[in-house]
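Architecture and fold: a report
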Amino acid sequence: DDTVLTVAVAHAILEGTDLSQAKLRDAYLVAARLAGANLESAALDRARLDRADMRNANLAGVGGIEAQFYGSKMSESNFNDADLSGSNFEQADLFGASMEGTKLVGVNLTRAILEESRLSGSDLRDARLEAAILVDATFRDADLSSATLQGADIVGADFSGAKLSNTVWVDRRRCRPGSVGICNR
């Protein structure tokens, strides 16, 4: 089905709704209530979901290039194998979210909460994670090359096998090219 939904509804109530494979490109769903919604494999490119409540939502396989999630509540949500490159998650709450194998190239996660989140195998090249809370997060085998973690809280975070070439570390020092698992300087 090639149905494209043109949506421009602030504060929409869509909790638990099945929107799997929906075409929601350029949708305006600011402050929408999507807790527990199924958005698996939906098209969310350039969608505006700022301050949305998306706790426990399924966004596995979503295509959401340049989507806006500023300040959204997304704890315990599933983003596995999604492509969210260039998206904005600034100040979003992603506590315990699963983002394994997710493409997050150039994403903005400044001041985001990623505590206990799982990002193993994700592509975070050029991502901005300044002042993000990464406590007990898992970045096993992720690519954080040229990412910025300046001021991030990484207590208990697992970077085993993570590519850290040219990454700006929490102390503002740049990791040496070829760094893996540990920021060599």
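Within any chain, residue numbers begin from 1 and follow the written order of that chain's sequence. Where totals are concerned, whole chains, interfaces and linings use all residues; where local detail is concerned, this predicted model gives features only for residues with pLDDT of at least 70, and gives and counts side-chain atom pairs only at 80 or more. Values reported for side chains reflect all heavy atoms of the structure, with hydrogen atoms and water molecules removed beforehand.

1. Some words on the nonpolar core
A general feature of soluble globular proteins is that nonpolar side chains tend to end up buried together. The condition is simple: Side-chain atoms within 4.5 Å are what join buried Ala, Val, Leu, Ile, Met, Phe, Trp, Tyr and Cys residues into a set we call a nonpolar core. To sort residues, take the accessible area from a 1.4 Å probe on protein chains only and compare it with the maximum for the residue type: under 20% means buried, over 50% means exposed, and anything in between is partly exposed. Note on contacts: a residue pair qualifies if any of its non-hydrogen atoms lie within 4.5 Å across the two residues.
Core analysis: the biggest nonpolar cluster contains 55 residues, and Met54, Phe89, Leu94, Leu124, Leu129 and Leu144 have the highest contact counts within it. In this structure Leu94 touches Met74, Ser75, Phe79, Phe89, Met99, Leu109, Ile113, Leu114, Glu115 and Ser117, once residues within four positions along its chain are discounted.

2. Comments concerning unusual backbone geometry
Although it is not a glycine, Arg51 adopts a positive phi angle of roughly 55°. Among the residues examined, Arg51 registers a relative accessible area of 53% and is labelled exposed. Phi is positive for Gln91, which is not a glycine, with a value near 60°.

3. Quick notes on the packing of aromatic side chains
Operational definition: In this analysis, rings of Phe, Tyr and Trp, with Trp reduced to its six-membered ring, are considered paired at centre separations within 6.5 Å, and the interplanar angle assigns stacked below 30 degrees, edge-to-face beyond 60, and tilted for intermediate values.
Evaluation of the coordinates by the stated rule reveals four aromatic pairs. The interplanar angle of 85° and the centroid separation of 6.1 Å between the aromatic rings of Phe79 and Phe89 together place this pair among those described as edge-to-face. Assigned by exposure class, Phe79 and Phe89 land together as buried. Ring geometry for Phe139 against Phe159: centres 5.0 Å apart, planes inclined by 0°, an arrangement best described as stacked. Residue classification places Phe139 among the buried positions, given a relative accessible area of 0%. You can call Phe159 buried: its relative accessible area is 7%. An aromatic cluster of at least three residues, connected via ring pairs, comprises Phe69, Phe79 and Phe89.

4. Notes on the environment of Arg128
Exposure remark for Arg128: the relative accessible area of 39% places this residue in the partly exposed category. Distance from Arg128 to Glu90, taken between C-alpha atoms, is 9.1 Å for residues 38 residues apart in sequence. Filtering out sequence-adjacent residues up to four positions away, Arg128 remains in contact with Val107, Asn108, Leu109, Thr110 and Thr148.

5. Examining the state of the cysteines
Put simply, the test is: Sulfur atoms of two cysteines make up a disulfide when they are within 2.5 Å.
Taken as a whole and judged by the stated rule, the model has one disulfide. In this model, Cys175 is linked to Cys183 through a disulfide, with the two sulfur atoms separated by 2.0 Å. Handedness here is read from the sign of the S-S torsion; for Cys175 and Cys183, about -115°, the answer is left-handed. The same class applies to Cys175 as to Cys183, namely buried.

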